Amino acid sequence: MSSDFETYEQDFSTLTAEITNKIGKVPKLGGEEKKQMVLNVEKQLEEARELLEQMDLEVREIPVQSRGMYNSRLKSYKQELDKLEKDFKRSRIAYSDEVRNELLGDDGNSSESQRAHLLDNTERLERSSRRLEAGYQIAVETEQVGQEILENLHLDREKIQRSRDRLRETDANLGKSSRILTGMLRRIIQNRVLMFVLGAIILFTIVLAIYFSVRGH
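Predicted, not measured: the structure shown is a model, and the values here were computed from it.

Engineer: I would appreciate a short explanation of the overall build of the protein in the present structure.
Structural biologist: Along its length, the protein carries 5 helices and 0 strands. Helices and strands in the protein line up, N terminus first, as α-α-α-α-α. A burial count over the protein gives 21% of its 217 residues as buried. For the protein, the proportion of contacts with a sequence separation of at least 24, taken over those separated by at least 6, is 75%. As presented, the protein carries roughly 16000 Å² of accessible surface, and 57% of it is formed by carbon and sulfur atoms.

Engineer: What's the story with the confidence of the model for the protein in this structure? I'm lost.
Structural biologist: When pLDDT is low, close inspection of the predicted coordinates is not appropriate. The predicted model of the protein has a mean per-residue pLDDT of 80, with 77% of residues at 70 or higher. Mean pLDDT across the elements of the protein ranges from a minimum in helix 4 (residues 97-104), with 52, to a maximum in helix 2 (residues 31-61), with 90.

Engineer: Hey, could you run me through a negative patch on the surface in this one?
Structural biologist: A surface patch of like charges, here negative, comprises E18, E47, E50 and E53. Within the secondary structure, E50 sits in helix 2.

Engineer: What is the right way to read the pattern of salt bridges from this model?
Structural biologist: A full pass over the atoms with the stated rule returns 6 salt bridges. In this structure, the salt-bridge partner of K83 is D87, at a minimum N-O distance of 3.1 Å. Of this pair, K83 and D87 both sit in helix 3 (residues 64-95), separated by 4 residues, roughly a single helical turn. K83 sits in the exposed class, given a relative accessible area of 52%.

Engineer: Just to check I follow, could you spell out the nonpolar core for this structure?
Structural biologist: Counting residues in each nonpolar core, the largest one holds 23 residues, and the members touching the most others are F12, I19, V41, L45, L52 and M55. Elements with a contribution of two residues or more to this core: helix 1 (2-25), helix 2 and helix 3. With 9 residues, the single largest contributor to this core is helix 2. In contact with V41, other than residues within four places in its own chain, are I19, K22, I23 and F88.

Engineer: Teacher, can you tell me more about a nonpolar patch on the surface here?
Structural biologist: On the surface, L185, I189, V193, L194, F196, V197, L198, I201, I202, I206, I210 and V214 cluster together to form a nonpolar patch covering roughly 1200 Å² of accessible area. As for its position among the elements, V193 is in helix 5 (residues 111-216). According to the relative accessible area criterion, V193 is partly exposed, its value standing at 48%.

Engineer: Would you explain the side chain of E85 in this entry?
Structural biologist: Inspection of the secondary structure assignment puts E85 in helix 3. In this structure, E85 is in contact with L45 and R49, ignoring residues within four places of it in sequence.

Engineer: Where do I start with the packing of aromatic side chains in this structure?
Structural biologist: Each pair of aromatic rings is reported with the distance of its centres and the angle of its planes. Summed over the entire model, instances satisfying the criterion amount to 3 aromatic pairs. Taken together, a centroid distance of 5.3 Å and an interplanar angle of 50° make the contact between F12 and Y77 tilted. With F12 in helix 1 and Y77 in helix 3, the pair connects residues that are 65 residues apart, well separated along the chain. With a relative accessible area of 15%, Y77 lands in the buried category. Ring centres of Y211 and F212 lie 5.4 Å apart, and the angle between their planes is 70°; this geometry places the pair in the edge-to-face category. Residue class for F212 comes out exposed when judged on its relative accessible area of 51%.

Engineer: How do you make sense of the side chain of K22 when you look at a structure like this?
Structural biologist: Secondary-structure assignment places K22 in helix 1. Lacking a salt bridge, the buried K22 has E18 as its closest oppositely charged neighbour, with an N-O distance of 4.9 Å. Side-chain polar atoms of K22 contact the side chain of N40, separated by 3.0 Å. Every residue in contact with K22, bar those within four places of it in the chain, is listed here: M37, N40, V41 and Q44.

Cut-offs and rules
Residues numbered from 1 in each chain as written. Predicted model: local features only at pLDDT ≥ 70, side-chain atom pairs only at ≥ 80, totals over all residues. Heavy atoms only, no water. Helix = DSSP H or I, 4+ residues; strand = E, 2+ residues; numbered from the N terminus. Buried < 20%, exposed > 50% of the residue type's maximum accessible area, 1.4 Å probe, protein only. Contact = heavy atoms within 4.5 Å. Areas by Shrake-Rupley, 256 points an atom, 1.4 Å probe, with all protein chains shown as cover. pLDDT = per-residue confidence, 0-100. Patch = residues over 30% accessible without salt bridge, like charges linked within 9 Å, V, L, I, M, F, W, Y side chains within 5 Å. Salt bridge = Lys/Arg side-chain N within 4 Å of Asp/Glu carboxyl O. Lys, Arg positive; Asp, Glu negative; His and termini not counted. Charge placed at Lys NZ, Arg CZ, Asp CG, Glu CD. Core = buried A, V, L, I, M, F, W, Y, C linked by side-chain atoms within 4.5 Å. Phe/Tyr/Trp six-rings, centres within 6.5 Å; stacked < 30°, edge-to-face > 60°. Polar contact = N/O pair within 3.5 Å; in protein donor to acceptor, adjacent residues only side chain to side chain.

What follows is the structure, given as structure tokens:
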């Protein structure tokens, strides 16, 4: 399981290195070349997000006692991707001639205020993204806690089932022992009754013998 996680890690590292390199090139390009580079970076960022999702799924399958280390590594990768996305947004906003001309037109006096307004909107979007990420993290942690509870309940159920099986086995053994003791007690009673009958017969025989002996004299 951890080998799959490490494979995703390697792919993520290679991909983020490529994204970082391309983000640095975006401000230096223009026209169609810049547009293609932007689209390429957006596609690779989506691939990086998918890799994080795969790593997240792998972490959920790792035993609870070993999960903490992988969660920490996954968290650092998410922070790294967040930083790349922010750098990409700033690169497009700060250096894209097409975006600036479309938003500002020919009015050079208002360029700074428009740019500040655009940056402010970007910051708001980033704050919203962070809140969504925090909500997602809480949901993931809640799911992990729920999974741990289910695992503990499953273990408790197995323990209860084993205890119940042992009780049934003990009860069966007690029933068998009870039947054996009952049989032994029955045989003891039978033997005592037989001894009593034999004793009575012997005593009766002795009495008869004495009676006939006395009568004969």
